[in-house]
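Each chain is listed here by its residues.
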Amino acid sequence: MKEKKVKKDIRSWLDERSGLSVVFHFLREKKIPQHKHSLWYYTGSAILLFFGIQVITGFMLVFYYNPTLEEANSSVARIMTEIPLGWIIRSVHSWSASFMIAFVFIHLLSIWITKAYRKPRELTWMSGVFLLVLSLLFGFTGYLLPWDDLSLSATKVGTDIPRSIPVVGAWVTQFLRGGEDVTGDTLTRFFGFHVCILPIFLFALLAVHVYLVQKQGMSLPLDLESKEEKVNELPFWPNFVYREMIVWLVLIGVLFTVSIFFPASLEKAADLMAPAPEGIKPEWYFLFLFQMLKIFPSKILFMNGDTLVVLLILLGGIAFFFLPLIDNKPTERKGKIITVIAYLFIIYAVGMSVWSLL
Amino acid sequence: MKLRHSLFTRRQFLNGLLGGWLGAFAVSFLYPVLKFIFPPTREPDEVILPFADFQDMEPNTVKNFAWGNKPGILKRNNDGSYTAFVGVCTHLDCNVTYLPDQRKFYCACHEGWYDENGIHMAGPPPRPLRRLNLSIEGENLIIKREGVE
Ligand code: FES
């Protein structure tokens, strides 16, 4: 009995000072609705899983990685050949990044199509769009770090794209590159973005996002919301959490299998003076953009083709950010049209990506 | 004329003072930050190369040289003259390569093509390759940015 009392004392000591019991109480009361679209509720925590893996493997890689022109490529080679199990760690880091972004897309599209961003969850969506941008920036900066042929060309193109943004474009390019051209400074700067600046912003936004999700609770599909009868619910703790863990275990299994049987590769070190290698490709999530840049002609109405692409993407991004405000009548005609646009967008992005691989 | 009331209340005055001070503080803080993160990198005005290295080039071949941080391409034309280009695609900055058998410059990034004079002919590039001025002085090949005397 004594033991129990000590435990209780410790708990109340902590609670008196931190007030954490409110949080525990909240989690114990939290309910997850059960219906035919419940599957999408698991995508958020899948992203968190892969992000967690990124953080841990990232910590490990940074012990050996060297962000300099001379050492970057060879330090990655060293991680993969000399450091015990280094090849798995790097491969998992690289694959987990792809998995994370894939789940970010799934998460976001499911929210778009079920219109879970409708009032009062607009801010949740907006913070989510920022998180998407950060994830893509993580991918983009990380792609350069092994400093091989492919990553150099991808970075040259990627950092030159903002140049066509009116007024601030040239500054953005210079800011990203640390000068006019992609050089060793760019590599060091990208490393700084990747391991220091982006993580801070990501954690801050993630906190906001998760807070908002808790505050608003899970969104119900439109057709259920209007119905009178009560929707089945599952307690978050422990039922839902256990189910999430099952999903996590499966995902971890898939991730490691893929990482081991298709390990991340490393090309020869990049040479700033060498011509771009044949068949350069960005990461898969930038393929649609890559294909657009390729097929847009050099001049369209007074504009360079790439300027038009950039403006389109920019406008698309802004519309996307404000989507919950635009899609403010989800059950009416307008809402239906926007859902159709969502499907068209998916077809377009997938189509362009596949085309780029042909 | 003497005003009966002040145009400002004391609070407005103090708010203005404080706001102005904060603004000035922010600017004086941001200026050095911006200065710091944009390093002064200019491309060179000129590079000097030993002519001996390039003297024996066959017509319709190219040799690379370092133009600052970018590749420069020196091309020997059919009539024996030389032309110097900045070997960077005008589309989105990839390094181009010269294909002698097709007499074209090629950019692998988005399949951009330029003819042997560096004029864009197919694919997304919007402008010809940038040219550099070239002169031979004694032992040296002097390559200058266009417009530099
Ligand atoms: S960068 Fe050369 S074609 Fe796009």
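Above this text sits the structure in question.
Residues numbered from 1 in each chain as written. Chains lettered and ligands numbered in written order. Predicted model: local features only at pLDDT ≥ 70, side-chain atom pairs only at ≥ 80, totals over all residues. Heavy atoms only, no water.

Colleague: Which parts of the structure should I look at to understand the overall build of chain B?
Modeller: Along chain B, the regular secondary structure elements total two helices and ten strands. Listing the helices and strands of chain B from first to last along the sequence gives α-β-α-β-β-β-β-β-β-β-β-β. For 149 residues, the compact-globule estimate of 2.2 N^0.38 gives 15 Å, and chain B exceeds it by more than 25% at 27 Å. C-alpha extents for chain B along the principal axes are approximately 90 × 40 × 30 Å. Within the span of chain B, comprising 149 residues, buried residues form 36% of the whole. Nonlocal contacts in chain B, meaning residues at least 24 apart in sequence, comprise 37% of its contacts between residues at least 6 apart. (Helix = DSSP H or I, 4+ residues; strand = E, 2+ residues; numbered from the N terminus. Rg over C-alpha atoms; globule rule 2.2 N^0.38 Å. Buried < 20%, exposed > 50% of the residue type's maximum accessible area, 1.4 Å probe, protein only. Contact = heavy atoms within 4.5 Å.)

Colleague: Please clarify how the sheet that holds strand E3 (residues 70-76) of chain B should be interpreted in this entry.
Modeller: Strand pairing within a sheet occurs via backbone hydrogen bonds; the two strands may be parallel or antiparallel. All names here are of chain B. The six strands lie next to each other as E1-E10-E9-E4-E3-E2, forming an open sheet whose pairing is antiparallel. Edge strands, defined here as strands with exactly one partner in the open sheet, are strand E1 (46-50) and strand E2 (61-67). Geometrically, the sheet is characterised by an average inter-axis angle of 30 degrees between neighbouring strands, direction not taken into account. Where E2 and E3 come together, seven bridges link them in antiparallel fashion. Its bridge partner lying in E3, Lys63 is registered against Leu74. (Pairing = 2+ DSSP bridges. Axes fitted to C-alpha atoms, helices over the stretch in contact; angles between N-to-C directions.)

Colleague: I would appreciate a short explanation of the interface of chain B and chain A in the present structure.
Modeller: Interface extent is often summarised as the accessible area lost during association of the parts. Counting residues at the interface gives 29 residues for chain B and 31 residues for chain A. Per-residue buried area on chain B facing chain A is highest for B:Phe38, B:Leu92 and B:Asn95; these three make up 24% of the total on that side. Where chain B touches chain A, the interface holds three salt bridges. Among the salt bridges present, the one from A:Arg177 reaches B:Asp93, with a minimum N-O distance of 2.8 Å. (Buried area = accessible area lost by both parts, 1.4 Å probe. Salt bridge = Lys/Arg side-chain N within 4 Å of Asp/Glu carboxyl O.)

Colleague: Even after reading the chapter, I still don't get the state of the cysteines, so can you show me in this structure?
Modeller: Put plainly, two cysteines are in a disulfide when a covalent bond ties their sulfur atoms together. All names here are of chain B. Considering all chains together, one arrives at one disulfide over all chains under this definition. With a sulfur-sulfur separation of 1.9 Å, Cys94 is cross-linked through a disulfide to Cys109. Handedness of the Cys94-Cys109 disulfide follows from its S-S torsion of about -80 degrees: it is left-handed. Of this pair, Cys94 sits in the loop between strand E4 (82-86) and strand E5 (97-99) while Cys109 is found in the loop between strand E6 (104-107) and strand E7 (112-115), placing the two residues 15 residues apart along the sequence. Overall, the relative accessible area of 1% leaves Cys94 in the buried class. Cys109 sits in the buried class, given a relative accessible area of 1%. (Disulfide = S-S within 2.5 Å.)

Colleague: Honestly, helix H5 (residues 86-114) of chain A in this entry has me stumped. Any pointers?
Modeller: One turn of the α-helix equals 3.6 residues, which is why residues spaced by three or four share an orientation. With 29 residues, H5(A) extends 42 Å between its outermost C-alpha atoms, agreeing within 8% with the 42 Å of an ideal straight helix rising 1.5 Å per residue. Just downstream of H5(A), A:Lys115 is the residue with a positive phi angle, here 55 degrees. (Expected span 1.5 Å × (residues − 1).)

Colleague: Even after reading the chapter, I still don't get the sheet that holds E7(B), so can you show me in this structure?
Modeller: Residues and elements named next belong to chain B. A sheet is described by the order of its strands in space; here four strands give the open sequence E5-E6-E7-E8, paired in antiparallel fashion. Pairing within the sheet leaves two strands with one partner each, and these edge strands are E5 and strand E8 (120-122). Mean inter-strand twist for the sheet, computed between neighbouring axes without regard to direction, equals 35 degrees. Direction of pairing for E5 relative to E6: antiparallel, over a ladder of three bridges. In the sheet register, Leu99 faces E6, and the bridge partner there is Lys104.

Colleague: What exactly am I supposed to notice about the packing of aromatic side chains here?
Modeller: Aromatic ring pairs are reported here in terms of the distance separating the ring centres and the angle at which the planes meet. A full pass over the atoms with the stated rule returns 28 aromatic pairs over all chains. By way of ring pairs, the aromatic residues A:Phe105, A:Phe140, A:Trp171, A:Phe175, A:Phe190, A:Phe193, A:Trp284, A:Tyr285, A:Phe286 and B:Phe38 are connected into one cluster. The ring of B:Phe54 has B:Lys63 lying over it, and the distance from NZ or CZ to the ring centre is 5.6 Å. Above the ring of B:Trp113, the side-chain terminus of B:Lys104 is found at 5.3 Å from the ring centroid. (Phe/Tyr/Trp six-rings, centres within 6.5 Å; stacked < 30°, edge-to-face > 60°. Lys NZ or Arg CZ within 6 Å of the ring centre and 35° of its normal.)

Colleague: Any chance you could explain empty space enclosed by the protein here in plain terms?
Modeller: Over the atoms rolls a probe the size of a water molecule, and its path tells where empty space is left. Throughout the structure, instances matching the rule amount to two cavities of 30 Å³ or more. In this structure, the largest cavity occupies an estimated 60 Å³ of space. Taken together, A:Asp149, A:Leu152, A:Ser153, A:Lys156, A:Asp271, A:Ala274, A:Pro275, A:Ala276, A:Pro277 and B:Asn95 make up the lining of the largest cavity. Its residues assigned to classes, the lining of the largest cavity shows five nonpolar, two polar and three charged. For the second largest cavity, the full set of lining residues is A:Lys156, A:Asp181, A:Val182, A:Leu272, B:Asn69, B:Lys70, B:Pro71, B:Asp93 and B:Asn95. Considering only residue class, the lining of the second largest cavity consists of three nonpolar, two polar and four charged. (1 Å grid on protein atoms, 1.4 Å probe; cavity = no way out; pocket = protein on both sides within 12 Å on 5 of 7 lines; lining within 4 Å. Points joined across faces, edges and corners; volume = space filled by probe spheres on them. Nonpolar A, V, L, I, M, F, W, Y, C, P; charged D, E, K, R; others polar.)

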